[in-house]
Structures are given as C-alpha cells and as structure tokens.
Amino acid sequence: MARTKCAAGVALAAVAAGPAFVAATGIALLMSNPDPVPVNASSAVMLLLFLPAIPFGAIMACLPIFLGALALSAIGCFDEIARLPVVWALAGAGMAGIPALLLIGGSPESAVFVAAFAWTGAICALIARAGTQWYDD
C-alpha cells in the first residue's frame, strides 16, 4: 500500500500564499487596465503596504492547503492520475476561486480578485504538490 508525506509541501505553500496573492492581484490588475502604469515612489509605498499579506495569507491559507493536500495525496495513493500537477493546480484553483466567486460575485469589477484567488490557489497547490512524496511500504 502506498503512503504519502505532504507536510513539507503544505508548509511551503502556506508561506507562499501571501506573496502569491499579492503577485496574482498585481498581475490581474495590470491585465485589466490597458493604460500605462506609472512607476514612482507611491508604487513602492503600495508594495510595502502589502507586506502584512505574507503572515495573514499564511494563516488564512493554512487550513485549505492542508485539507486539499491531504485529500489529493490520499487519492494519489490509489490513483496515479491524482498525482499529476495539473490535477493539483485545477483543484487549488477551484478551492480558492469558487468560494471567491460566490462571496465576491461575478461582476466585471470583481473578476480581477476572483482571478487572483484562483491563481493563488493553483500556485499554492503546485507548491504543495512539489513537496508531496508517495512511497510504497
């Protein structure tokens, strides 16, 4: 019977959740705005304001990442397809994107943040997958 270890991947993904969300939000905002974005001192100040997202993101994401990694690693013990990174990325995007869509709504203004949550979920799931190991008894 196959066994799994996913704690290292869960820890790495939880630490990466805050910075991943900040990066995904920034990318989504840039993609939604066709105008040139000025880079100046106020841009640097805005980036500093996102620093609290690192510990806050880790706290908020710890339980969903743990539950998702636990479920997918357990399923991966029985089915090789569940070990594929694309399965983990889709599961992570769904686990973060669907609740965000339901809570935030589907308006065009909120689509940026729903996309940021989905991208963050996919990134964190891939990090958790990279730290997950399966082995036989």
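By convention here, each chain's residues receive numbers from 1 onward along its written sequence. Side-chain atom pairs in this predicted model are given and counted only at pLDDT of 80 or more, local residue features only at pLDDT of at least 70, and totals for whole chains, interfaces and linings cover all residues. Here the side-chain values reflect all heavy atoms present in the structure, with hydrogen atoms and water set aside.

What to know about the packing of helix α3 (residues 53-78) against helix α4 (residues 85-104)
Packed helices, taken two at a time, are described by their axes: the angle between them and the distance between them.
(1) Moving on: Lines fitted to C-alpha atoms define the axes here, with helix axes fitted over just the stretch in contact, and angles between the N-to-C directions of these axes take values from 0 to 180 degrees. Helix numbering and strand numbering both begin at the N terminus, where a helix is a DSSP run of H or I of at least 4 residues and a strand a DSSP run of E of at least 2. Close contact between α3 and α4 brings their axes to 11 Å; oriented N to C, the two are set at 145°. The handedness of the crossing between α3 and α4 comes out as right-handed. Contact with α3, carried on its side by Pro 64, Gly 68, Ala 69, Leu 72 and Ser 73, involves Val 87, Trp 88, Ala 91 and Met 95 of α4 and no other residues of that element.
(2) Moving on: Residues that form the contact of α3 with α4 fall into these classes: seven nonpolar, two polar and no charged. For a crossing to be left-handed, the near helix must be turned anticlockwise from the far one by less than a right angle; the clockwise case is right-handed. In what follows, a contact means two residues having at least one pair of non-hydrogen atoms within 4.5 Å. Residues are grouped as follows: Ala, Val, Leu, Ile, Met, Phe, Trp, Tyr, Cys and Pro are nonpolar; Asp, Glu, Lys and Arg are charged; all remaining types, including Gly, are polar.

Looking at the side chain of Ser 73
(1) Moving on: Here Ser 73 shows up in helix α3.
(2) Moving on: Polar contact criterion, stated in full: a pair of N or O atoms within 3.5 Å, where within protein one must be able to donate a hydrogen and the other to accept it, and residues adjacent in sequence count only if both atoms are side-chain atoms. Reaching out from Ser 73, the side chain makes a polar contact with the backbone oxygen of Ala 69 at a distance of 2.7 Å.
(3) Moving on: Not counting residues within four places of it along the chain, the set of residues in contact with Ser 73 comprises Thr 4, Cys 6, Trp 88, Thr 132 and Trp 134.

Comments concerning the confidence of the model for the chain
(1) Moving on: Per-residue confidence for the chain gives a mean pLDDT of 88, with 99% of residues at or over 70.
(2) Moving on: The pLDDT value tells you how sure the predictor is about a given residue, anywhere from 0 up to 100. Mean pLDDT across the elements of the chain ranges from a minimum in helix α2 (residues 41-49), with 76, to a maximum in α4, with 94.

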